[in-house]
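Next come the chains, spelled out residue by residue.
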Amino acid sequence: MKNTVIDIAISIDGFNHIEELILLINRNTPYFDSMTEMKRVFNGFELVLCELKNDIGLQRDTFYQTMLNVRNQFAVRNRHRHTAKQMNAITLAIAHVKYCLKMKQFKEQMKSVS
């Protein structure tokens with residue numbers, strides 16, 4: 001699953017967030033507790049990256065912003081072709097990224113307090 005996501009990301013010309021993506025997919029979160037949710041998170045990453053492959057103009061300053069932008073565009077572009085499972089997968093992947101960002105921010109705050 002991880003290799004598929006990385007392969008897609010590498011094949012995208014102009015994709016600037018490969019390092020961030022690698023860190024995110026190797027980070028353990030509650031979304032990786034069950035195999036089903038883990039598969040959905042990786043499916044969400046794949047869907048986001050496939051949309052970026054089709055239109056790199058959706059890329060933003062951070063990977064999190066890029067994912068939010070892609071989700072919004074995916075919902076509009078594929079209104080009658082996407083399934084609830086696809087939207088759920090993208091939303092779970094975004095939640096995974098958001099969780100990782102919150103934990104990073106929390107750890108940085110704890111370091112500054114110590």
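Just above, that's the structure.
Throughout what follows, the structure given in this document is the object of discussion. It should be emphasised that the depicted structure is a prediction, and the values quoted were computed from it without experimental measurement.

## A few points about the environment of Met1
Argument step 1. Structurally, Met1 is set in the segment before helix H1 (2-10).
Argument step 2. Residues Met1 and Asn43 lie 42 residues apart in sequence; the distance between their C-alpha atoms is 8.4 Å.
Argument step 3. Residues within four places of Met1 in sequence aside, it is in contact with Met35, Met38, Lys39, Phe42 and Glu46.

## Remarks on the packing of helix H3 (residues 35-54) against helix H4 (residues 63-77)
Between two packed helices, what matters for the description is the angle formed by their axes and the separation of those axes.
Argument step 1. Where H3 meets H4, the closest approach of the two axes is 10 Å, and the angle between their N-to-C directions is 80°. Compared by their axis directions, H3 and H4 come out roughly perpendicular. Together, Phe45, Val48, Leu49, Glu51 and Leu52 of H3 and Phe63, Thr66, Met67, Val70, Phe74 and Arg77 of H4 make up the contact between the two elements.
Argument step 2. Class assignment for the residues of the contact of H3 with H4 results in eight nonpolar, one polar and two charged.

## What to know about the nonpolar core
Argument step 1. In this structure, Phe15, Leu21, Phe45, Leu49, Leu52, Phe63 and Met67 are the most contacted members of the largest nonpolar core, which totals 31 residues.
Argument step 2. Of all the secondary-structure elements, those providing two or more residues to this core are H1, helix H2 (18-25), H3, H4 and helix H5 (84-113).
Argument step 3. Ignoring sequence-local partners within four residues, the contact set of Leu49 consists of Val5, Ile8, Ala9, Ile12, Phe15, Leu21 and Phe63.

## Section: the environment of Ile25
Argument step 1. Structurally, the position occupied by Ile25 is in helix H2.
Argument step 2. Overall, the relative accessible area of 0% leaves Ile25 in the buried class.
Argument step 3. Ile25 sits 19 residues away from Ile6 along the chain, and the two C-alpha atoms are 9.1 Å apart.
Argument step 4. Those residues in contact with Ile25 that lie beyond four places of it in its chain are Lys2, Val5, Ile6, Phe32, Phe42 and Phe45.

## Focus: H4
Argument step 1. Helix length check: H4, at 15 residues, gives a terminal C-alpha distance of 20 Å against a target of 21 Å (1.5 Å per residue), a fit within 8%.
Argument step 2. Listed as buried for H4 are Phe63, Thr66, Met67, Asn69, Val70 and Phe74. Down the axis of H4, the sector holding all buried residues measures 165°, keeping them to one side.

## A few points about the packing of H1 against H2
Argument step 1. Contact pair H1 / H2: the axes reach a minimum separation of 11 Å and the direction vectors enclose 170°. On the basis of the axis angle, H1 is roughly antiparallel to H2. Residues Lys2, Val5, Ile6, Ala9 and Ile10 of H1 form the contact with H2, whose own contacting residues are Ile18, Leu21, Ile22 and Ile25.
Argument step 2. Class assignment of the residues belonging to the contact of H1 with H2 gives a composition of eight nonpolar, no polar and one charged.

About the cut-offs
- Residues numbered from 1 in each chain as written.
- Predicted model: local features only at pLDDT ≥ 70, side-chain atom pairs only at ≥ 80, totals over all residues.
- Heavy atoms only, no water.
- Helix = DSSP H or I, 4+ residues; strand = E, 2+ residues; numbered from the N terminus.
- Contact = heavy atoms within 4.5 Å.
- Axes fitted to C-alpha atoms, helices over the stretch in contact; angles between N-to-C directions.
- Parallel < 35°, antiparallel > 145°, perpendicular 65-115°, else oblique.
- Nonpolar A, V, L, I, M, F, W, Y, C, P; charged D, E, K, R; others polar.
- Core = buried A, V, L, I, M, F, W, Y, C linked by side-chain atoms within 4.5 Å.
- Buried < 20%, exposed > 50% of the residue type's maximum accessible area, 1.4 Å probe, protein only.
- Expected span 1.5 Å × (residues − 1).
- Arc of directions from axis to C-beta.

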